[in-house]
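Per-entry structural report
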Amino acid sequence: MTTSTRGTAAHRHAAPAVLVLEDGRIFRGRAYGAVGVTFGEAVFSTGMTGYQETLTDPSYHRQVVVMTAPHVGNTGVNDEDPESKRIWVAGYVVRDPARVPSNWRSRRSLDDELREQGVVGICGIDTRALTRHLRERGAMRVGIFSGNALPDEGTMLAEVRQAPEMKGADLAAEVATKEAYVVPAVGEKKFTVAAVDLGIKGMTPHRMAERGIEVHVLPATATVEDIYAVNPDGVFFSNGPGDPATADHPVSVMRAVLERGTPLFGICFGNQILGRALGFGTYKLKYGHRGINQPVQDRTTGKVEVTAHNHGFAVDAPLEKVSETPYGRAEVSHVCLNDNVVEGLQLLDRPAFSVQYHPEAAAGPHDAAYLFDRFTSLMSTALEGQRA
């Protein structure tokens, strides 16, 4: 099935582009960003702001992001908002690109930035129809082909179906830092945290630094010995891409941290790692949660938060009972109000908890920022116990 071309006048003269889903549906538009070919998993993001943070989030590695907001690129690209040193998305899909960016911090257009970083995109397609298709059929492999000499539809579909799937993908080490580095505390140093980088966003250590934490960011391959070499008051496991079922090394490292009883906090991929460490399974969601407007209830307080998400996998843990684990009792602390997906875990007998979403959300919302305070409280309590 082919959808007719749309788009602004500024992009109607760009090279033709075709988006091909693995189930055979085809959308035709115009090139946006770099011209070429790219493959990945087609997912949609419901955020109306924060496209720069989305593009530079390492958790989007090997994913082609469809923006549900129809008009993208209005504020251009600046040098302050990236969550990492590069764009990580495999491809980018928008309906109506901004013709002229307008913002006092803007340094260049989004189109130019995508082109400069070699990110193949497509514009001028019906992204609402594409989003509805993905909601009904689920996230799937996709290819974007652009240029003046495009292959025939059969060839493009065959190439999409040969691309690797996200299920079973082990990607954290591909996006994580190769060398350890330190983010110093802002003001007086109160705590030291070892942060295992599985695809960490730049705002995460910054949020901890604001609370007097010196953050030692370690590679995904860090060992237990590497973690405790920095003499941490707490250990953090970050967000990241890929299938948590492949993350055997981080799971074994986290179990060693749990054995020692060091205060522990995990976000997103880190939540899935904690789930596996406690003995729960993980599974792939039909189309995932991606955007900055997802309602989550903190079951420990009853409060409902609007939160930022980016996950295609979830923890399979019982919602209505306390579970016995090798590290004591555990319970689901947060749940998504849209579909009852597990959005947080906590141990009741050890200082460890995690959430599936992003309390550091740079573009907002900030309802869940208190979770960093919860982490510092765990470390304060542990230090007081050591002094007693």
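Conventions we followed
- Residues numbered from 1 in each chain as written.
- Predicted model: local features only at pLDDT ≥ 70, side-chain atom pairs only at ≥ 80, totals over all residues.
- Heavy atoms only, no water.
- UniProt positions renumbered as here; feature names shortened; annotations may be inferred.
- Helix = DSSP H or I, 4+ residues; strand = E, 2+ residues; numbered from the N terminus.
- Buried < 20%, exposed > 50% of the residue type's maximum accessible area, 1.4 Å probe, protein only.
- Contact = heavy atoms within 4.5 Å.
- Polar contact = N/O pair within 3.5 Å; in protein donor to acceptor, adjacent residues only side chain to side chain.
- Pairing = 2+ DSSP bridges.
- Right-handed = clockwise from strand over helix to strand, strands pointing away.

1. Overview of the UniProt feature "active site" (unreviewed entry) in the protein chain
The feature "active site" (unreviewed entry), as annotated in UniProt, sits at Cys-268, His-358 and Glu-360 in this numbering. The greatest C-alpha distance among the residues just named is 11.3 Å, despite their covering 93 residues of sequence, which places them together in space. Along the chain, Cys-268 falls in the loop between β15 (264-267) and α9 (269-277). Note on Cys-268: relative accessible area 2%, which makes it buried. Ignoring any residue separated from it by four or fewer positions in sequence, one finds Cys-268 in contact with Asn-239, Asn-310, His-311, Val-355, Gln-356, Tyr-357 and His-358. Among the secondary structure elements, His-358 is positioned in the loop between β21 (352-355) and α10 (370-387). Beyond its immediate sequence surroundings of up to four residues, His-358 is in contact with Lys-201, Asn-239, Ile-267, Cys-268, Ala-308, His-309 and Asn-310.

2. Observations concerning the side chain of Thr-307
Examined against the element boundaries, Thr-307 turns out to sit in strand β17 (residues 304-316). In this structure the side chain of Thr-307 is engaged in a polar contact, spanning 2.8 Å, whose partner is the backbone oxygen of Gln-294. If near-sequence neighbours (up to four positions away) are discounted, Thr-307 is found in contact with Gly-291, Ile-292, Asn-293, Gln-294, Val-296, Tyr-357, Pro-365 and Ala-368.

3. A word on the pairing of strand β14 (residues 234-237)
Neither face of β14 is open: one carries Gly-234 and Phe-236, the other Val-235 and Phe-237, and all of them are buried. In this sheet, β14 lies alongside strand β12 (residues 191-196) in parallel orientation, the contact comprising four bridges. Its bridge partner lying in β14, Val-196 is registered against Phe-237. As judged from the three bridges shared by β14 and β15, these two strands associate in the parallel manner. Following the sheet pairing, Val-235 is matched in β15 by Leu-264. The parallel pair β14 and β15, bridged by helix α8 (residues 248-260), forms a crossover whose chirality is right-handed.

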